[in-house]
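Understanding the architecture of this molecule
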Amino acid sequence: MTKPCIGISGSILRTNEAPFADVLRAFINDDYARSIEEAGGIPVIIPFTKNLEVARESLSRLDGLLLTGGHDVYPLHYGEEPLQGIEDVWPERDQFDFALLKAAEEKQIPIFCICRGIQILNVYRGGSLYQDLKYDENCTIKHSQNQTPSLGTHTVDIEFESKLASAIGRSTWITNSHHHQTVKHVGKGLQVVARAKDGTVEALEDSSYPWLVACQFHPEMMSENDENAKRLFAAFVTAARENITK
C-alpha cells in the first residue's frame, strides 16, 4: 500500500545554549510527525522560507498539507490594527503559510489545519480573528488550559454531516485547548462545523473541497491515547492516499 507524503509546515527555533548560541533551526513539534507516521503516512517537514516560490514548489512533490501551530496571525493581514491583547506575530510566516495553502489548493490535495492553522486558513480566505478571546463577549470557557497538553478539558459539539464527525464517528469530543485567538468572521467558502459550549469556533471545513478540515484544538497532542484523534489523522492520511490513486 502506497504511503502518502504529508508536508508539515515548519517554523524556526532560535537556540541560546553554548556553543551554538543564536543558531536558527528549522523545526516542528514531534507530535505532528508522530501522528502522521502512526496513521500510515510519511511526514515531511517543509522548512520555513521567505522564498515563496520554493514553498510553493515543495507542494508539487507532496500528497497532503498539514498546517501547524505557532505565532499569532498579523492583524493587518485581516484589516485590523493590533490590540493590546495580541502576542508575538511573524508576518513572514503568515506569507509562507498562505503560499502553501495556495499551492495545495491548486493541486487539490487534502489539507489539515491545526490551531494557528485554522486561523491562517480563515484569514487566507478573507475572514478575521479575535486577537484575544477577551474581545469576544460570548467567550466564557478557559481556552488556554496551561496544563498537560494532551488532556481533554472542554466539550466540542460537531455538526453530524461534517468530515470531522465522519472521521471520528461521533458528534461530540472532549478536546484539549491551547489558544487565545480564534475565528471571528468566517472566510469565503468555509463553514463552521464545530463549536465549544460558549460558541467559540472549534472547526471549519470547505464542503466544496475534496478534503479540508481545520480545528482549533490540538489532536496531534492527544493522538497517543485518544481514539478520536487517531481516527482523525487516519482519515487525513487515507484521503491523501486515495488522492494519489485517482
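Provided above is the structure to which this section pertains.
Attention here is on the structure that accompanies the text.

Conventions and cut-offs
- Residues numbered from 1 in each chain as written.
- Predicted model: local features only at pLDDT ≥ 70, side-chain atom pairs only at ≥ 80, totals over all residues.
- Heavy atoms only, no water.
- Helix = DSSP H or I, 4+ residues; strand = E, 2+ residues; numbered from the N terminus.
- Buried < 20%, exposed > 50% of the residue type's maximum accessible area, 1.4 Å probe, protein only.
- Contact = heavy atoms within 4.5 Å.
- Polar contact = N/O pair within 3.5 Å; in protein donor to acceptor, adjacent residues only side chain to side chain.
- Arc of directions from axis to C-beta.

**A closer look at the environment of Glu 205**
- In this structure, Glu 205 sits in strand E12 (residues 201–205).
- On the basis of relative accessibility, which here comes to 6%, the residue Glu 205 falls in the buried class.
- Discounting residues that sit within four places of it in the chain, Glu 205 has contacts with Ser 162, Lys 163, Leu 164, Gly 189, Leu 190, Gln 191, Val 193, Leu 212 and Val 213.
- At 2.9 Å, the side chain of Glu 205 and the backbone nitrogen of Lys 163 are in polar contact.

**Considerations on the environment of Gly 79**
- Among the secondary structure elements, Gly 79 is positioned in the loop between strand E5 (64–67) and helix H3 (91–107).
- Accessibility expressed as a relative area gives 69% for Gly 79, which makes it exposed.
- The spatial distance from the C-alpha of Gly 79 to the C-alpha of Gly 126 is 9.7 Å, given a sequence separation of 47 residues.

**Digging into helix H2 (residues 52–59)**
- Regarding H2, the residues found buried are Ala 55, Ser 58 and Leu 59. The buried residues of H2 occupy an angular sector of 105 degrees when projected down its axis, which confines them to one face.
- Those residues of H2 hidden inside the fold are in contact with strand E4 (42–46), E5 and H3.
- Of the residues that open H2, the one with a side-chain oxygen 3.2 Å from the backbone nitrogen of Glu 53 is Asn 51.

**Considering unusual backbone geometry**
- Of note in this structure, Gln 108 is not a glycine but carries a positive phi near 60 degrees.
- As for its placement among the helices and strands, Gln 108 is situated in the loop between H3 and strand E6 (111–114).
- Judged by its relative accessible area of 35%, Gln 108 falls in the partly exposed class.
- Phi angles above zero are rare outside glycine, and Cys 115 is one such case at about 55 degrees.
- Counting through the fold element by element, Cys 115 comes out in the loop between E6 and helix H4 (116–124).
- Looking at Cys 115, the relative accessible area reads 8%, which means it is buried.

**Quick word on the side chain of Thr 49**
- Among the structural elements, Thr 49 can be located in the loop between E4 and H2.
- Accessibility expressed as a relative area gives 18% for Thr 49, which makes it buried.
- A polar atom in the side chain of Thr 49 sits 2.9 Å from the backbone nitrogen of Asn 51.
- Leaving out residues up to four positions away in the same chain, Thr 49 has contacts with Val 54, Ala 55 and Phe 96.

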